[in-house]
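# Summary of the model geometry
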Amino acid sequence: MADYKFYKNILGTANAGVVYKSKKYIPLDPDNTDYQEYLEWVDAGNTTEAAD
Amino acid sequence: MGITINGSSAAGNIDLGTNGTITDLAVGGLPDGVVDAGTLTAAMAKPSFRNLIINGEFNVAQRSTAAVTTSSGSNEGYQTVDRWQMDMDGTTAAFTQQQVDLTAATDPDGFYKAFKIDCTTADTSVAAGDWASLVQNVEGLDWAQLNYGRSDAKTITVSFWVKSTKTGTYSFSIRNSAADRYYVAEYTVSSSDTWEKKTITIAGDTSGTWLITNGIGARLGWSLIIGSTDSASAGSWAAGNKFGSTNQVNFFDNTSNNFLITGVQLEVGSAATEFEHKPYGQVLAECQRYYEAIHMNAGTAMWYSWAHGTPQKMEYHYKVTKRAVPSSQLEGNASWTGTTPLSFHTTNVAGFHHANTGYYLSDASGDLCYSFSAEL
């Protein structure tokens, strides 16, 4: 299981954010420092688990 | 012609002089009993909201007031007092960080909380990449008034109270968001385990890019240990990423060492004014722009969902609009009962949603149960 997993918006049409270690909900907001860390994790070659 | 408003006695007179001054005011805090240009200048020298540091008294600690053991890779970042974080890398030292009470007559007057760092595992050999700092990142929207990166960048003065059992040279640093501009300043702890007030004046940086957005305007750091890789000579602005002096003492060389700090103020100008004490509620609201804690009593529940058609929804409106869309998470032993909803937030509202199952938040102990973080 990856550290990060996408979750979808209410309509189920697009990703709304990522969940970190099944605990922290992180929005796809470039000003959010958790999201900035997530992008660094992706840049390091990691893969995000797909949403349910 | 002067106008005299006479009272029944000479002491009650108010005289409007021909030069526009008001005289004979012997009471009311006026040093010379005269309201004139000098009086107004003195008042204007201490404008309200002049401190760019948030929670400089360390009064607000939404996350925890208990000691948190910290080492490189464990419990770094924001753990206790609001807006202050411990960052480190390389060093094998460990310590506890905690908000502590100030109750002694020898403590700085007017302050009743401080931040304490207590060394619990020593690192007696400073490697090149070792460093640890107490950090506050100031938002660009607040830092913008200093005109950094322009020819008219303003001089600032940082003042604070410090008490450490480890005497010697310490360092303070300012860096921009991109960490490609820095200034390192030194201060000296002269007497062991004794409160000392330090004042550092720094001319503004006329170069580099300094954000004036909701991102990081400036990274402020109080160094405790730093190796050769990240240290530099003090006293001038330069390009690069340095955040401590080459003369910095190794605070972590002994487990008997502890370091306390309070009354941190950063203001425009070349002199330190007295610390601006603000109401607790005001500072709490300032902190909540970056972090908002939800507490619950033991054995209770809240945030019950409601059905709008089939979906189960719950909304929470923050006390303060956030700097950015926050992350959120359960804290401690709190848990969702029923099912775990998805979280959809904006900068001022948190929404929780599940397609068909109801839920509520419960907590077995009376403590922090949920948090929203938009920290820098």
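Residues numbered from 1 in each chain as written. Chains lettered and ligands numbered in written order. Predicted model: local features only at pLDDT ≥ 70, side-chain atom pairs only at ≥ 80, totals over all residues. Heavy atoms only, no water.

Facing 19 residues of chain B, the contacting portion of chain A comprises 15 residues. Both sides together, the interface formed by chain B and chain A hides about 1300 Å², and carbon and sulfur atoms give 52% of it. For the chain B face of the interface with chain A, the top three residues by lost area are Ser327(B), Gln329(B) and Phe344(B), together amounting to 32%. Where chain B packs against chain A, one counts zero salt bridges. Taken together, the connections running from chain B to chain A amount to 10 residue pairs in polar contact (both at pLDDT 80 or more). In terms of residue count, the dominant contributor to the side of chain B that touches chain A is strand 20 (residues 327-330) of chain B (four residues). Residues that form the side of chain B that touches chain A fall into these classes: eight nonpolar, eight polar and three charged. (Contact = heavy atoms within 4.5 Å. Buried area = accessible area lost by both parts, 1.4 Å probe. Salt bridge = Lys/Arg side-chain N within 4 Å of Asp/Glu carboxyl O. Polar contact = N/O pair within 3.5 Å; in protein donor to acceptor, adjacent residues only side chain to side chain. Helix = DSSP H or I, 4+ residues; strand = E, 2+ residues; numbered from the N terminus. Nonpolar A, V, L, I, M, F, W, Y, C, P; charged D, E, K, R; others polar.)

Buried residues of helix 3 (residues 280-288) of chain B: Val283(B), Glu286(B), Cys287(B) and Gln288(B), and no others. Where helix 3 of chain B is buried, its residues touch strand 16 (291-296) of chain B. (Buried < 20%, exposed > 50% of the residue type's maximum accessible area, 1.4 Å probe, protein only.)

Turning to unusual backbone geometry, a few remarks are in order. In most cases, non-glycine residues show a negative phi, while peptide bonds are predominantly trans. Positive phi, close to 50°, is recorded for Lys21(A), a residue that is not glycine. Inspection of the secondary structure assignment puts Lys21(A) in the loop between strand 2 (15-20) and strand 3 (24-27). One non-glycine residue, Asn147(B), lies in positive phi territory at about 60°. Tracing the sequence through the fold places Asn147(B) in the loop between helix 2 (140-143) and strand 9 (156-164).

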